[in-house]
Amino acid sequence: QKEVEQDPGPLSVPEGAIVSLNCTYSNSAFQYFMWYRQYSRKGPELLMYTYSSGNKEDGRFTAQVDKSSKYISLFIRDSQPSDSATYLCAMSAGAGANNLFFGTGTRLTVIP
Amino acid sequence: EAGVTQSPTHLIKTRGQQATLRCSPISGHTSVYWYQQALGLGLQFLLWYDEGEERNRGNFPPRFSGRQFPNYSSELNVNALELEDSALYLCASSLVRPPQPQHFGDGTRLSIL
(Lines give C-alpha, C1' and ligand atoms only; values in the text may rest on other atoms or scores of the structure.)
Protein backbone atom coordinates (compact mmCIF):
# COMPACT_ATOMS: atom_id res chain seq x y z
CA GLN A 1 0.00 0.00 0.00
CA LYS A 2 1.34 3.41 -0.95
CA GLU A 3 1.68 5.94 1.85
CA VAL A 4 -0.40 8.52 -0.03
CA GLU A 5 -3.26 7.66 -2.37
CA GLN A 6 -4.77 10.15 -4.80
CA ASP A 7 -7.37 9.63 -7.49
CA PRO A 8 -5.46 10.27 -10.72
CA GLY A 9 -8.53 11.41 -12.63
CA PRO A 10 -8.53 12.88 -15.19
CA LEU A 11 -11.22 15.28 -14.01
CA SER A 12 -13.06 17.53 -16.45
CA VAL A 13 -15.48 20.25 -15.25
CA PRO A 14 -17.24 23.27 -16.77
CA GLU A 15 -16.04 26.75 -15.91
CA GLY A 16 -17.56 27.99 -12.65
CA ALA A 17 -17.95 24.53 -11.13
CA ILE A 18 -16.79 23.56 -7.65
CA VAL A 19 -13.94 21.07 -7.78
CA SER A 20 -13.16 18.59 -5.01
CA LEU A 21 -9.78 16.86 -4.90
CA ASN A 22 -8.92 14.27 -2.28
CA CYS A 23 -6.10 12.22 -0.83
CA THR A 24 -5.90 9.52 1.77
CA TYR A 25 -2.82 8.45 3.69
CA SER A 26 -1.72 5.68 5.99
CA ASN A 27 1.07 7.18 8.14
CA SER A 28 -0.37 8.71 11.32
CA ALA A 29 2.92 10.60 11.87
CA PHE A 30 2.11 13.06 9.07
CA GLN A 31 1.44 16.51 10.49
CA TYR A 32 2.09 18.92 7.61
CA PHE A 33 -0.16 18.84 4.57
CA MET A 34 0.26 20.66 1.29
CA TRP A 35 -1.41 21.04 -2.07
CA TYR A 36 0.69 21.89 -5.10
CA ARG A 37 -0.38 22.81 -8.63
CA GLN A 38 1.80 21.74 -11.52
CA TYR A 39 1.45 23.08 -15.03
CA SER A 40 2.97 21.22 -17.95
CA ARG A 41 6.76 21.55 -18.09
CA LYS A 42 6.85 23.46 -14.82
CA GLY A 43 7.70 22.62 -11.23
CA PRO A 44 5.03 22.22 -8.54
CA GLU A 45 3.69 25.52 -7.19
CA LEU A 46 2.58 25.67 -3.56
CA LEU A 47 -1.14 26.40 -3.19
CA MET A 48 -2.00 25.55 0.40
CA TYR A 49 -0.07 24.59 3.54
CA THR A 50 -1.74 23.37 6.71
CA TYR A 51 -0.55 21.95 9.99
CA SER A 52 -2.57 19.24 11.73
CA SER A 53 -6.37 19.04 11.36
CA GLY A 54 -8.73 21.80 10.33
CA ASN A 55 -9.70 24.05 7.45
CA LYS A 56 -7.78 26.79 5.68
CA GLU A 57 -9.16 29.17 3.08
CA ASP A 58 -7.27 31.30 0.56
CA GLY A 59 -9.37 33.04 -2.04
CA ARG A 60 -11.15 30.41 -4.15
CA PHE A 61 -9.21 27.56 -2.50
CA THR A 62 -10.11 25.71 0.71
CA ALA A 63 -8.00 22.94 2.21
CA GLN A 64 -9.41 20.51 4.74
CA VAL A 65 -7.50 18.03 6.88
CA ASP A 66 -9.15 15.25 8.87
CA LYS A 67 -6.39 13.41 10.72
CA SER A 68 -8.82 11.03 12.41
CA SER A 69 -9.85 9.71 8.99
CA LYS A 70 -6.41 10.26 7.38
CA TYR A 71 -8.10 12.24 4.63
CA ILE A 72 -7.33 15.62 3.09
CA SER A 73 -9.26 17.65 0.53
CA LEU A 74 -8.84 20.68 -1.67
CA PHE A 75 -11.90 22.58 -2.89
CA ILE A 76 -11.73 25.04 -5.76
CA ARG A 77 -14.70 27.40 -6.09
CA ASP A 78 -15.69 29.17 -9.30
CA SER A 79 -13.16 27.16 -11.28
CA GLN A 80 -11.43 28.92 -14.17
CA PRO A 81 -9.74 27.59 -17.33
CA SER A 82 -6.45 28.79 -15.82
CA ASP A 83 -6.97 26.23 -13.03
CA SER A 84 -6.38 23.46 -15.59
CA ALA A 85 -3.31 21.67 -14.26
CA THR A 86 -2.22 18.64 -12.26
CA TYR A 87 -2.88 18.92 -8.53
CA LEU A 88 -0.58 17.11 -6.12
CA CYS A 89 -1.18 16.47 -2.46
CA ALA A 90 1.91 16.17 -0.28
CA MET A 91 2.60 15.58 3.37
CA SER A 92 5.41 15.16 5.86
CA ALA A 93 5.98 14.26 9.47
CA GLY A 94 8.21 17.28 10.11
CA ALA A 95 10.43 17.35 13.19
CA GLY A 96 13.52 16.27 11.27
CA ALA A 97 11.62 14.11 8.80
CA ASN A 98 10.91 16.88 6.36
CA ASN A 99 10.88 14.91 3.13
CA LEU A 100 7.55 15.06 1.37
CA PHE A 101 5.40 12.11 0.37
CA PHE A 102 3.32 12.89 -2.70
CA GLY A 103 0.15 11.57 -4.22
CA THR A 104 0.36 10.70 -7.90
CA GLY A 105 -1.57 13.83 -8.88
CA THR A 106 -5.02 14.56 -10.31
CA ARG A 107 -5.18 16.11 -13.76
CA LEU A 108 -7.92 18.77 -13.89
CA THR A 109 -9.34 20.39 -17.03
CA VAL A 110 -11.75 23.32 -16.71
CA ILE A 111 -13.75 23.76 -19.90
CA PRO A 112 -14.71 27.34 -20.86
CA GLU B 1 12.33 37.55 -4.82
CA ALA B 2 13.98 34.99 -7.07
CA GLY B 3 12.64 31.48 -6.79
CA VAL B 4 14.49 28.19 -6.87
CA THR B 5 16.61 27.97 -10.01
CA GLN B 6 17.85 24.78 -11.60
CA SER B 7 20.30 24.12 -14.41
CA PRO B 8 20.50 22.83 -17.00
CA THR B 9 16.88 22.74 -18.16
CA HIS B 10 17.48 19.63 -20.21
CA LEU B 11 20.32 17.13 -20.15
CA ILE B 12 20.86 14.28 -22.59
CA LYS B 13 23.23 11.46 -21.67
CA THR B 14 23.91 7.89 -22.67
CA ARG B 15 23.90 4.80 -20.49
CA GLY B 16 26.90 4.53 -18.18
CA GLN B 17 27.69 8.24 -18.22
CA GLN B 18 27.54 10.58 -15.25
CA ALA B 19 25.21 13.57 -14.85
CA THR B 20 25.47 16.65 -12.64
CA LEU B 21 22.42 18.77 -11.90
CA ARG B 22 22.53 22.10 -10.07
CA CYS B 23 20.16 24.00 -7.81
CA SER B 24 20.15 27.45 -6.25
CA PRO B 25 17.68 27.84 -3.37
CA ILE B 26 15.56 30.83 -2.49
CA SER B 27 17.69 33.42 -0.72
CA GLY B 28 17.74 32.70 3.02
CA HIS B 29 16.68 29.07 2.71
CA THR B 30 19.16 26.64 4.23
CA SER B 31 17.54 23.36 3.19
CA VAL B 32 17.60 21.85 -0.27
CA TYR B 33 15.64 18.77 -1.31
CA TRP B 34 15.90 16.68 -4.46
CA TYR B 35 13.00 14.70 -5.93
CA GLN B 36 12.63 12.48 -8.98
CA GLN B 37 9.44 12.70 -11.05
CA ALA B 38 9.39 9.72 -13.38
CA LEU B 39 6.51 8.99 -15.71
CA GLY B 40 3.86 6.99 -13.93
CA LEU B 41 5.67 7.01 -10.58
CA GLY B 42 4.96 10.46 -9.22
CA LEU B 43 7.37 12.52 -7.17
CA GLN B 44 9.78 10.50 -5.07
CA PHE B 45 12.15 11.91 -2.46
CA LEU B 46 15.85 11.53 -3.21
CA LEU B 47 17.97 13.63 -0.83
CA TRP B 48 17.74 16.37 1.78
CA TYR B 49 20.61 18.72 2.63
CA ASP B 50 20.59 21.27 5.39
CA GLU B 51 23.46 23.51 6.51
CA GLY B 52 25.85 21.56 4.30
CA GLU B 53 25.00 18.14 5.72
CA GLU B 54 23.00 15.27 4.25
CA ARG B 55 20.01 14.86 6.60
CA ASN B 56 18.03 12.13 4.90
CA ARG B 57 17.94 10.12 1.71
CA GLY B 58 15.18 8.22 -0.03
CA ASN B 59 15.14 4.68 -1.32
CA PHE B 60 17.58 5.19 -4.16
CA PRO B 61 20.91 3.44 -4.88
CA PRO B 62 24.22 5.03 -3.80
CA ARG B 63 24.99 6.13 -7.36
CA PHE B 64 22.62 9.00 -6.59
CA SER B 65 24.59 11.44 -4.47
CA GLY B 66 25.01 15.13 -3.96
CA ARG B 67 26.32 17.91 -1.84
CA GLN B 68 25.45 21.34 -0.54
CA PHE B 69 27.87 24.22 -0.78
CA PRO B 70 28.53 26.97 1.80
CA ASN B 71 26.22 29.32 -0.13
CA TYR B 72 23.46 26.64 0.25
CA SER B 73 23.35 25.81 -3.45
CA SER B 74 23.42 22.13 -4.23
CA GLU B 75 24.26 19.65 -6.91
CA LEU B 76 22.93 16.19 -7.58
CA ASN B 77 25.24 13.62 -9.17
CA VAL B 78 24.00 10.49 -10.83
CA ASN B 79 26.68 7.95 -11.78
CA ALA B 80 26.49 4.96 -14.12
CA LEU B 81 23.30 6.25 -15.73
CA GLU B 82 20.60 3.74 -16.56
CA LEU B 83 17.66 4.11 -18.95
CA GLU B 84 15.21 4.18 -16.01
CA ASP B 85 16.96 7.30 -14.66
CA SER B 86 15.18 9.29 -17.37
CA ALA B 87 12.94 11.66 -15.42
CA LEU B 88 12.35 15.22 -14.31
CA TYR B 89 14.59 16.03 -11.34
CA LEU B 90 13.12 18.69 -9.10
CA CYS B 91 14.87 20.72 -6.45
CA ALA B 92 13.03 22.41 -3.60
CA SER B 93 14.16 24.69 -0.79
CA SER B 94 12.77 25.73 2.56
CA LEU B 95 13.53 26.94 6.03
CA VAL B 96 13.31 24.17 8.63
CA ARG B 97 13.21 25.92 11.99
CA PRO B 98 10.26 26.17 12.34
CA PRO B 99 9.22 23.80 9.51
CA GLN B 100 8.18 25.72 6.41
CA PRO B 101 6.73 24.54 3.11
CA GLN B 102 9.04 23.57 0.29
CA HIS B 103 9.19 25.67 -2.87
CA PHE B 104 10.17 24.00 -6.12
CA GLY B 105 12.17 24.93 -9.17
CA ASP B 106 11.08 23.94 -12.68
CA GLY B 107 13.41 20.97 -12.79
CA THR B 108 16.03 19.41 -15.03
CA ARG B 109 14.75 16.96 -17.62
CA LEU B 110 17.30 14.12 -17.80
CA SER B 111 17.04 11.92 -20.86
CA ILE B 112 19.11 8.75 -21.13
CA LEU B 113 19.65 7.38 -24.63
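Residues numbered from 1 in each chain as written. Chains lettered and ligands numbered in written order. Predicted model: local features only at pLDDT ≥ 70, side-chain atom pairs only at ≥ 80, totals over all residues. Heavy atoms only, no water.

**A look at the layout of surface pockets**
- The calculated volume of the largest pocket comes to roughly 630 Å³.
- Lining of the largest pocket is provided by 24 residues; of these, Gln38, Thr86 and Arg107 of chain A together with Gln37 and Leu39 of chain B occupy positions nearest its centre.
- Taken together, the elements giving at least two residues each to the lining of the largest pocket come down to β9 (85-92) and β11 (106-111) of chain A together with β4 (31-38) of chain B.
- When residues in the lining of the largest pocket are grouped by element, the largest group, four residues, is from β11 of chain A.
- Of the residues that constitute the lining of the largest pocket, the class distribution is nine nonpolar, eleven polar and four charged.
- Roughly 350 Å³ of internal volume is contained in the second largest pocket.
- Around the second largest pocket sit 17 residues that line it, and Lys2 and Phe101 of chain A together with Leu43, Gln44 and Phe45 of chain B are the ones nearest its centre.
- Put simply, the parts of the chain that give the lining of the second largest pocket at least two residues each are β10 (101-102) of chain A together with β5 (42-50) of chain B. (1 Å grid on protein atoms, 1.4 Å probe; cavity = no way out; pocket = protein on both sides within 12 Å on 5 of 7 lines; lining within 4 Å. Points joined across faces, edges and corners; volume = space filled by probe spheres on them. Helix = DSSP H or I, 4+ residues; strand = E, 2+ residues; numbered from the N terminus. Nonpolar A, V, L, I, M, F, W, Y, C, P; charged D, E, K, R; others polar.)

**Digging into the sheet that holds strand β3 (residues 19-25) of chain A**
Residues and elements named next belong to chain A.
- The strand order β1-β3-β8-β7-β6 describes an open sheet built from five strands, whose pairing is antiparallel. A single partner strand is all that each edge strand has here, and the edge strands are β1 (4-6) and β6 (54-58). Between one strand and the next, the sheet's axes are offset by a mean angle of 15°, whatever the strand orientation. (Pairing = 2+ DSSP bridges. Axes fitted to C-alpha atoms, helices over the stretch in contact; angles between N-to-C directions.)

**Some points on the interface of chain B and chain A**
- With 18 residues of chain B at the interface, the matching set in chain A holds 14 residues.
- Together chain B and chain A conceal approximately 1500 Å² of surface at their shared face, both sides included; 57% is due to carbon and sulfur atoms.
- Two residues, Lys42 of chain A and Asp106 of chain B, come together in a salt bridge whose shortest N-O distance is 3.6 Å.
- Joining chain B to chain A, the criterion identifies seven residue pairs in polar contact (both at pLDDT 80 or more).
- Contributions of two or more residues to the side of chain B that touches chain A are made by β4, β5, β9 (87-94) and β10 (103-104) of chain B. (Contact = heavy atoms within 4.5 Å. Buried area = accessible area lost by both parts, 1.4 Å probe. Salt bridge = Lys/Arg side-chain N within 4 Å of Asp/Glu carboxyl O. Polar contact = N/O pair within 3.5 Å; in protein donor to acceptor, adjacent residues only side chain to side chain.)

**Notes on the confidence of the model for chain A**
- A residue-level look at chain A finds 97% of positions with pLDDT of 70 or above and a mean pLDDT of 93.
- Across chain A, the secondary-structure element scoring lowest on mean pLDDT is β6 of chain A, at 93, and the one scoring highest is β3 of chain A, at 97. (pLDDT = per-residue confidence, 0-100.)

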